[in-house]
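Here is what each chain is made of, one letter per residue.
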Amino acid sequence: MKIRKAVIPVAGLGTRFLPATKTIPKEMLPIVDKPSIQYIVEEAVQSGIEQIIFINARGKEAIEDHFDTHIEMETILKNRGNDLLLEEIQKLSRLVQIATIRQKVPLGLGHAILCAKDLVGQEPFAVMLGDDLVDSKVPCIQQLIHIFNEEKASVIALMKVKKEQTSLYGIADATPRKSHERLHDIRALLEKPPVEKAPSNLAIIGRYILTPEIFDQLEEVPPGKGGEIQLTDALVKLLHFQKVLGYCYEGERFDAGDKFGFLEANLHYAFKRPEFKERLYEKISSLYHQLLLSNRL
Ligand code: UTP
């Protein structure tokens, strides 16, 4: 069955990015000149997704507005003859079909995904987290869709992290397939285990292909870590009767929901732009020399 729908939960409070996120959704903070959510939606569209389901919250309407028409802005750009910008703005509203559901209380990622149950229906679907930007040759979610099409099972994107970082992520207990080193059969999943309890250094990142049976599990799991309904807990229950796979995707990932990750993402994407590359290089070289001179290195 084709993966047609992507659920993108964006209802979180974004406390790691305060004060910027007091009134601005973190997903609207720009990476160079595009809000981070646009990178995620473009990745979905490039991967063949036909419908985006945002799980949103009060005060974060700017996210769906970004993909809507803006008649006033379009008229002004047209009158000024700014055809390039006009085309760019109009393209956004034609990108993909978007539906939005409100998560009335932020009860966790698992609860946010459960909010999409009726809109998703009985078909496998993608989940993409707005914090995780992945720059790759083949879009990250397309890599997972490819595995789903071959294996007909849920697939989770995995990334190798340093052992001491396991307490920051969901961690997979998994065996690599002999025939395909990136592909893993998952035995168990642990939410943010301390280093001594981590079964591996394979961390879950925010890209998933899930079968619709996940909704029954989400309905039953009690609140887990932080009092939130955790997607990882529901996946653990799903593992009792369905295969769940892990896939070490190809690409570079940035946690744009974290201040340092956001800075890294901005540098990475800015370096890819010919108009910024040289000036950025000069600026960074000059900062480096200042640091050397002040004997801090
Ligand atoms: P995070 O754990 O990053 O939470 O959620 P957050 O609230 O967005 O950010 P911090 O930690 O307070 O800075 C992971 C993803 O799940 C969504 C978030 O929007 C984010 O994309 N989420 C989380 C929801 O949609 N609803 C929730 O109740 C919790």
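Just above, that's the structure.
Note that the structure is a prediction, hence the values are computed from the model and not measured. (Residues numbered from 1 in each chain as written. Predicted model: local features only at pLDDT ≥ 70, side-chain atom pairs only at ≥ 80, totals over all residues. Heavy atoms only, no water.)

Q: Which residues make up the layout of surface pockets, and what values go with them?
A: As a volume, the largest pocket reaches approximately 1,300 Å³. What lines the largest pocket is a set of 43 residues, and nearest its centre among them are R16, L109, L129, D131 and K192. The biggest single contributor to the lining of the largest pocket is strand β11 (residues 202-210), with four residues. When the residues that make up the lining of the largest pocket are grouped by side-chain class, the tally is 16 nonpolar, 13 polar and 14 charged. Lining the second largest pocket are 17 residues, with Q38, H66, E88, I89 and L92 positioned closest to its centre. Listed by contribution, the elements that provide at least two residues to the lining of the second largest pocket are β3 (34-35), α1 (36-46), α2 (62-66), α3 (71-79) and α4 (83-94). In terms of residue count, the dominant contributor to the lining of the second largest pocket is α4 (five residues). Partitioning the lining of the second largest pocket into residue classes produces seven nonpolar, three polar and seven charged. (1 Å grid on protein atoms, 1.4 Å probe; cavity = no way out; pocket = protein on both sides within 12 Å on 5 of 7 lines; lining within 4 Å. Points joined across faces, edges and corners; volume = space filled by probe spheres on them. Helix = DSSP H or I, 4+ residues; strand = E, 2+ residues; numbered from the N terminus. Nonpolar A, V, L, I, M, F, W, Y, C, P; charged D, E, K, R; others polar.)

Q: So what about the packing of helix α10 (residues 259-271) against helix α11 (residues 274-293)? Which residues, and what values?
A: Look at α10 against α11: their axes get within 8 Å of each other, and the N-to-C directions meet at 130°. One way to sum up the angle between α10 and α11 is to call them oblique. Residues L267, A270 and F271 of α10 form the contact with α11, whose own contacting residues are F276, K277, L280, Y281 and I284. When the residues that make up the contact of α10 with α11 are grouped by side-chain class, the tally is seven nonpolar, no polar and one charged. (Axes fitted to C-alpha atoms, helices over the stretch in contact; angles between N-to-C directions. Parallel < 35°, antiparallel > 145°, perpendicular 65-115°, else oblique. Contact = heavy atoms within 4.5 Å.)

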